[in-house]
Amino acid sequence: MSTVAFAAPIALRLIDVPAPYLVTDLDVVADRYAAFAGALTGVRVHYAMKCNSSPEILRTLVAAGSGFEISSIAELRMLQVHGVDPADVLYSHPIKPPGMIASAAKAGVRRFGFDSPGELTKIAENAPEASVYVRLRVDDSTSVFPAGNKFGTDLEEAYDLMLLARRLGLQPYGVTFHVGSQCQSTGAWRSAIRQAGVLMDRLRDEGIELEMLDLGGGFPAHYVAGDPSIEQLGRVVAEEINLLPYRPGLVTAEPGRFLVAEASVLAATIIGRELRGEEHWLYLEVGAYHGLMEPLQSPGGWDYPMSSSLPDHDELPTLPFTIAGPSGHATDVVGYAIPLPAGLTVGDVLYFGSAGAYTLAYASNFNGFAPPTPLFIGG
Ligand SMILES: *Cc1c(COP(=O)(O)O)cnc(C)c1O
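How each quantity is defined
Residues numbered from 1 in each chain as written. Predicted model: local features only at pLDDT ≥ 70, side-chain atom pairs only at ≥ 80, totals over all residues. Heavy atoms only, no water. Helix = DSSP H or I, 4+ residues; strand = E, 2+ residues; numbered from the N terminus. Expected span 1.5 Å × (residues − 1). Buried < 20%, exposed > 50% of the residue type's maximum accessible area, 1.4 Å probe, protein only. Contact = heavy atoms within 4.5 Å. Core = buried A, V, L, I, M, F, W, Y, C linked by side-chain atoms within 4.5 Å. Domains from an automatic or database assignment. Buried area = accessible area lost by both parts, 1.4 Å probe. Salt bridge = Lys/Arg side-chain N within 4 Å of Asp/Glu carboxyl O. Near = heavy atom within 4 Å. Polar contact = N/O pair within 3.5 Å; in protein donor to acceptor, adjacent residues only side chain to side chain. Pairing = 2+ DSSP bridges.

## A short note on helix α8 (residues 186-204)
Helix length check: α8 (19 residues) gives 27 Å between terminal C-alpha atoms against 27 Å at 1.5 Å per residue, within 8%. All buried positions along α8 are accounted for by Ala-188, Trp-189, Ala-192, Ile-193, Ala-196, Gly-197, Leu-199, Met-200 and Leu-203. In this fold, the buried residues of α8 make contact with β6 (131-136), α7 (155-167), β8 (171-177), β9 (181-183), β10 (212-214) and α9 (230-243).

See the structure below:
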């Protein structure tokens, strides 16, 4: 298994940088990329870089042959430092600042996502003749972090928008969707690809053949639970692509979490242990605002595989702990009823496995506490 979460605590004790840190094994990133490419044969990867844009990770994925998906011009500039050709970048965010569309087009980005007439107008004005792909709203109910109503349009409107794109002088190029992050059912992709197929079929009657099908993100990484596997997903995707009215020249996907989550371990020192009523509290030097934001975003809570600096962590008797960050803010409580060794105390270090996605990318210096130091091994 590629996760360093359980193999690593012993090695982690040898790291002589003081916690908090986020250590990333770049070989695991390369391994996850290879697993994705192996399971979804013929599907080009465009890494969704918002998930973790560390230069080391970008470099590793460039070396592996990955393309990239961006939301802003600053992200494009970060890629250009690594020699990425803007023509190989997907600018998928459906609502972009007009100036960023113009700058991206000037730099050589050709492909822009959209889901509304307003965005099409902006793209036509700022990137004339660009290729555009429409984002469908699909069932995201089986994901841990649903994509929600913020983006996406239904089939009927998507059809009208693609015809509008052509009238505006744009190239109606493709279709995309997002099943929600950490999606837990293969059925979500199955039905989303079928919806894309219906759109392809209808557009063909208008003389439009799509060049790109973009499967979006949402591919689940392994935390405590980790289903479905990428191999299962690969089989479902292959079956559904065979059922499409035709196969677009480019089938692509925008995995974020899947490629990087399992590569990292976050280490945070315990700065307080208290009993409040019946509740055992652990206060860490890392909280929601320093990297552990995702537990706040998912009401279902906490899925990081845990370890600690205590020898024989896994054999020790446990208590359910409430886990809080270091800041003075009431919202900075990131875990409830987390089973951890009963003897944990101030100065011990907690290790969070599968912490490579959506952690440091969110981290700030809130309340004067520094985010975890990024460390890299392998690569
Ligand atoms: C965030 C995002 C992704 C990546 O999602 P993951 O769940 O991390 O795989 C892919 N595509 C778009 C457009 C996104 O905004």
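## A look at the nonpolar core
Ranked by internal contacts, the top residues of the largest apolar core, which has 100 residues, are Tyr-47, Phe-177, Leu-213, Leu-215, Phe-219, Leu-350 and Phe-352. Here this core spans two domains, and each of domain 1 (53-255) and domain 2 (262-377) adds at least three residues to it. By size, the runner-up hydrophobic cluster in this structure holds 8 residues, among which are Leu-12, Val-23, Val-349 and Leu-375.

## Points about the domain arrangement of the chain
Domain annotation of the chain identifies domain 1 (53-255) and domain 2 (262-377). On a C-alpha basis, the centres of domain 1 and domain 2 stand 34 Å from each other. Residue-level contacts link 11 residues of domain 1 with 11 residues of domain 2. Summing the contributions of domain 1 and of domain 2, the shared interface buries around 970 Å²; its carbon and sulfur component is 59%. Our count for the domain 1 to domain 2 interface comes out at 0 salt bridges.

## What to know about the site of the ligand
Taken together, 14 residues surround the ligand, and among them Lys-50, Ser-181, Gly-218, Glu-254 and Tyr-358 come closest. Between the ligand and the protein, one listed contact pairs an oxygen atom with a side-chain N or O atom of His-178 at 3.1 Å. The separation between an oxygen atom of the ligand and a polar main-chain atom of Arg-257 is 2.9 Å.

## Considering unusual backbone geometry
In this structure, Pro-20 follows Ala-19 across a cis peptide bond, with omega equal to 5°. In this fold, Pro-20 is placed in the loop between α1 (9-12) and β1 (21-25). At Glu-129, a residue that is not glycine, the phi angle is positive and equals roughly 70°. Position of Glu-129 among the secondary structure elements: in the loop between α6 (117-126) and β6. Looking at Glu-129, the relative accessible area reads 66%, which means it is exposed. The phi torsion at Asp-312 lies on the positive side, around 55°, for a residue other than glycine. Mapped onto the elements, Asp-312 comes out in the loop between β14 (306-308) and β15 (318-324).

## Details of the pairing of β8
Within β8, 6 of the 7 residues are buried, which leaves the element mostly enclosed by the surrounding structure. Pairing of β6 with β8, which is carried by 6 bridges, proceeds in the parallel orientation. Considered in β8, the bridge of Arg-135 is made with Thr-176.

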